[in-house]
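Survey of secondary and tertiary structure
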Amino acid sequence: MTGQLRHMLRDDDLNHAEQLQVLELGMKFRENRFYRQPFAGPQAVAVLFDKPSTRTRSSFSIGVAELGGYPLVIDKSGSQLGRGEPVADTARVLTRMAYGIVWRTFGQDRVEAMAKYATCPVVNALTDDFHPCQVLADFLTIAQFRGGVKALAGKTIAYVGDAANNMANSYLLAGAVAGMHVRVAGPYGYLPRKDIVDDAERLAAENGGSILVTTDPREAVAGADCVFTDTWVSMGEEAEYAIRSKPFWDYQVNDDLMALAQPDALFQHCLPAYRGKEVTTSVIDGPQSVVWDEAENRLHAQKALLTWLVGQQRGDESLLA
Ligand code: CP
């Protein structure tokens, strides 16, 4: 195969077969943390944060090291990017030194600009629009507990809460790519953008899945194989919790809502969670919750993604499986 520079900026940057390949690779990394070491050298991967993080920071830092590389972690406050240096200039500099760039930032346009000027793979570690690495980990978690990667197609997943946020968008696109039946429920004013729903519906039709966007959380969860939620307040909005949370109380994932899903349905939350708000303690700390495996799977899924991306760039098929 000839080398091809690929990026992971939004969930549909992988097609159905490619998503399966990355998730299968993730299962291999679950079994053997040192399954592949594409960054042996060590080669550096720049991991940039414009927003706080626990899971993404630890999983990419440890993940790059376990891939044989050197994780160069840079915070907004400690970089010229944080003082307004153009993204294009930052990309041109980092790409001369690093073998990959991972970035948590605000606007989707910023990671797209980074990818435009970088000559190494760029990975979206969360933007205002998408969180594709999280959803790869979430699907790996379903595969871990419910029959492997090939059993993902045809499963029904339900996301309940702020359906206009990056997690809802990523479930729509990634679930559609996977051939799942994706249901998203949120109150009026907190539903996904039309362009994202249109893309998800087109992808779902191509891959044998379906999309439902509703304001009824019970309709979304009925018969689901996995139920997801996320915080009702985004990073930086915590001070407005009382006001922000008002429309969402009907969307709390509690025992009554979980009872509508399959009896063996899984519960996932990307974390951090607000117990007693978007999810009750009985659910997140209960027997159907797999949130700690989900968090661990960030490590395996992202190592798989980075390995797959550099495998594509180098034209090295041994890194794709
Ligand atoms: N889920 C997630 O991205 O967690 P962090 O914000 O801690 O990275």
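Just so it is clear, the structure is predicted and the values come from calculations on it, not from any experiment.

1. Structural notes on helix H12 (residues 291–314)
- Taking 1.5 Å of rise per residue, the 24 residues of H12 would be expected to cover 34 Å, and the 35 Å separating its terminal C-alpha atoms lies within 8% of that figure.
- Where H12 bends most, the angle comes to about 30 degrees, and this point is Asn 297.
- Within H12, 18 of the 24 residues are buried, leaving the element largely enclosed by the surrounding structure.

2. Regarding unusual backbone geometry
- With an omega of 0 degrees, the peptide bond running from Gly 41 to Pro 42 counts as cis.
- Within the secondary structure, Pro 42 is located in the loop between helix H1 (16–31) and strand E1 (44–49).
- Geometrically, the link from Leu 271 to Pro 272 is a cis peptide bond, its omega value of 5 degrees lying close to zero.
- Tracing the backbone through its elements, the reader meets Pro 272 in the loop between strand E9 (266–269) and helix H11 (281–284).

3. A few points about the UniProt feature "domain: Aspartate/ornithine carbamoyltransferase carbamoyl-P binding" (unreviewed entry) in the chain
- Sequence positions flagged by UniProt for "domain: Aspartate/ornithine carbamoyltransferase carbamoyl-P binding" (unreviewed entry) are, in local numbering, residues 6–143.
- The span residues 6–143 is 44% helix and 14% strand, and its two end C-alpha atoms sit 25 Å from each other.

4. Some words on empty space enclosed by the protein
- For the coordinates displayed, the defined rule picks out 1 cavity of 30 Å³ or more.
- The space that makes up the largest cavity amounts to roughly 40 Å³.
- Counting residues per element, the lining of the largest cavity draws most heavily on helix H5 (residues 132–145), at 3 residues.
- Residues that form the lining of the largest cavity fall into these classes: 6 nonpolar, 1 polar and 1 charged.

Rules of the game
Residues numbered from 1 in each chain as written. Predicted model: local features only at pLDDT ≥ 70, side-chain atom pairs only at ≥ 80, totals over all residues. Heavy atoms only, no water. Helix = DSSP H or I, 4+ residues; strand = E, 2+ residues; numbered from the N terminus. Expected span 1.5 Å × (residues − 1). Bend = angle between axes of the 7 residues up to and from the residue. Buried < 20%, exposed > 50% of the residue type's maximum accessible area, 1.4 Å probe, protein only. UniProt positions renumbered as here; feature names shortened; annotations may be inferred. 1 Å grid on protein atoms, 1.4 Å probe; cavity = no way out; pocket = protein on both sides within 12 Å on 5 of 7 lines; lining within 4 Å. Points joined across faces, edges and corners; volume = space filled by probe spheres on them. Nonpolar A, V, L, I, M, F, W, Y, C, P; charged D, E, K, R; others polar.

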